[in-house]
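Chains, contacts and geometry: an overview
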Amino acid sequence: QQQKRLLVVAPHHEQRRQIRECIQNMAPNIATKEPSILTVERAQGQQFDVVIADYGFTDLYSISRELRFLYNRNRLNVVQTRAKCKCVMILSETLLLSLRSVNESVLLGYEYMMEIIEYAEKLNTLVKLKLEEIETVVNEIQSDLSSIN
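Rules used throughout
- Numbering of residues starts from 1 in every chain and runs along the sequence as written.
- For a predicted model such as this one, the threshold for reporting local features is a pLDDT of at least 70, and the threshold for listing and counting side-chain atom pairs is 80 or more; totals across whole chains, interfaces and linings nevertheless cover every residue.
- As a convention, hydrogens and water are excluded, and side-chain values are obtained from all of the structure's heavy atoms.
- The buried label applies to any residue whose accessible area, calculated with a 1.4 Å probe on protein chains only, is under 20% of its type's maximum; exposed applies above 50%, and partly exposed to all values in between.
- Think of it this way: any DSSP run of H or I at least four residues long counts as a helix, any run of E at least two long counts as a strand, and we number them from the N terminus.
- Whether two strands pair comes down to DSSP finding at least two bridges between them.
- What counts as a ring pair is set by centres within 6.5 Å for rings of Phe, Tyr and Trp (its six-membered ring), and what kind of pair is set by the plane angle: stacked under 30 degrees, edge-to-face over 60, tilted for all other angles.
- Definition used: whenever NZ (Lys) or CZ (Arg) falls within 6 Å of the ring centre and also within 35 degrees of the ring normal, the charge is taken to sit over that ring.
- A patch is a set of surface residues, each over 30% in relative accessible area and not in a salt bridge, joined within 9 Å for like charges and within 5 Å for the nonpolar side chains Val, Leu, Ile, Met, Phe, Trp and Tyr.
- Where accessible areas are quoted, they stem from the Shrake-Rupley method and a 1.4 Å probe; at the residue level, only the protein chains shown are allowed to cover.
- A pair is scored as a salt bridge if a Lys or Arg side-chain nitrogen falls within 4 Å of a carboxyl oxygen belonging to Asp or Glu.
- His is not counted, nor are the chain ends, whereas Lys and Arg count as positive and Asp and Glu as negative.
- By convention, charge coordinates are those of NZ in Lys, CZ in Arg, CG in Asp, or CD in Glu.
- Convention adopted: a line fitted to C-alpha atoms gives each axis, helices being fitted over their contacting stretch, and angles between N-to-C directions are expressed from 0 to 180 degrees.
- Here, two residues are considered to be in contact whenever any of their heavy atoms come within 4.5 Å of each other.
- Contacts described as polar in this section are N or O atom pairs within 3.5 Å, which, within protein, must combine one atom able to donate a hydrogen with one able to accept it, while residues neighboring in sequence count only if both atoms come from side chains.

**A word on the pairing of strand S1 (residues 6-9)**
Burial along S1 is two-sided: the residues Leu 6 and Val 8 and Leu 7 and Val 9 are all buried. As paired elements, S1 and strand S2 (residues 36-38) share three bridges and run parallel to each other. Note on S2: the bridge partner recorded for Val 8 is Ile 37.

Laid out in structure tokens, this is it:
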């Protein structure tokens, strides 16, 4: 059985398609290795060496319509627990600052996201990037994957 090394997880199917297209355009050498690009539901029950979770939403209208979905604590937990070695969470400031009127389940998910950020800060592993710096991170992750095994 082929070893599962890299998972990119996204909340939506359309987002998965766009991520695959982006990876193929930015880093064709990674795309040829076919990283798994799955929704949270499809990733459940599987483990990967490295997980990249894309919560980089920037459209306030979309975020406001999907707060319960995006901040679902169980879904966030599934994302975090798929990684054996490293989990990279891509969170936009727009998403983190989007909470206006929320219910308890959204608040629990938000608090969980904030715990993840605080934990990463405590370990000195929190990285804040500009969009143009993403390619460098992709290259670093590829290097990390090469060193596994």
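**Some details on the packing of aromatic side chains**
One pass over the structure, following the stated rule, counts one aromatic pair. Ring centres 5.9 Å apart and planes at 65° place the aromatic pair Tyr 71 and Tyr 110 in the edge-to-face group. Separated by 39 residues along the polypeptide, Tyr 71 in the loop between helix H5 (67-70) and helix H6 (73-80) and Tyr 110 in helix H8 (residues 104-122) bring together distant segments of the chain. Relative accessible area serves as the criterion here: at 21%, Tyr 110 is assigned to the partly exposed category. We note Arg 75 situated over the ring of Phe 69; from NZ or CZ to the ring centre the distance is 3.9 Å.

**Overview of a negative patch on the surface**
On the surface, a cluster of negative charge is contributed by Glu 104, Glu 111, Glu 115, Glu 118 and Glu 121. Looking at where Glu 111 falls in the secondary structure, it is placed in helix H8. We classify Glu 111 as partly exposed; its relative accessible area is 38%.

**Some thoughts on unusual backbone geometry**
Among all residues save glycine, negative phi is the norm, and among peptide bonds the norm is trans. Positive phi, close to 60°, is recorded for Asn 124, a residue that is not glycine. With respect to the helices, strands and loops of the structure, Asn 124 is situated in the loop between H8 and helix H9 (134-147). You can call Asn 124 exposed: its relative accessible area is 69%.

**Thoughts on the sheet that holds strand S3 (residues 48-55)**
The strands making up a sheet associate through backbone hydrogen bonding, with each pair oriented either parallel or antiparallel. Taken in spatial order, the four strands line up as S2-S1-S3-S4 in an open sheet, and their pairing is parallel. One side of each edge strand has no neighbouring strand; the edge strands of this open sheet are S2 and strand S4 (83-91). Shown here is a sheet whose adjacent strand axes are inclined to one another by a mean of 20°, direction ignored. Helix H1 (residues 13-26) contacts S1, S2 and S3 of the sheet and is inclined by roughly 155° relative to S2. Lying over the sheet, H6 contacts S1, S3 and S4, oriented at roughly 130° with respect to S4.

**Re the pattern of salt bridges**
Throughout the structure, instances matching the rule amount to four salt bridges. The closest approach of N and O atoms between Lys 84 and Asp 49, which form a salt bridge, is 3.9 Å. With Lys 84 in strand S4 and Asp 49 in strand S3, this residue pair connects regions lying 35 residues apart in the sequence. What makes Asp 49 buried here is its relative accessible area of 3%. Several salt bridges converge on common partners, so that one network encompasses Glu 14, Arg 17 and Glu 21.

**Description of the side chain of Asp 54**
Of note, Asp 54 is situated in strand S3. For the buried Asp 54, which has no salt bridge, the nearest side chain bearing the opposite charge is Arg 16, at an N-O separation of 11 Å. At 2.9 Å, the side chain of Asp 54 forms a polar contact with the backbone nitrogen of Gly 56. Excluding residues within four positions of it along the chain, Asp 54 makes contact with Val 9, Ala 10, Pro 11, Gln 15, Ile 19 and Ile 90.

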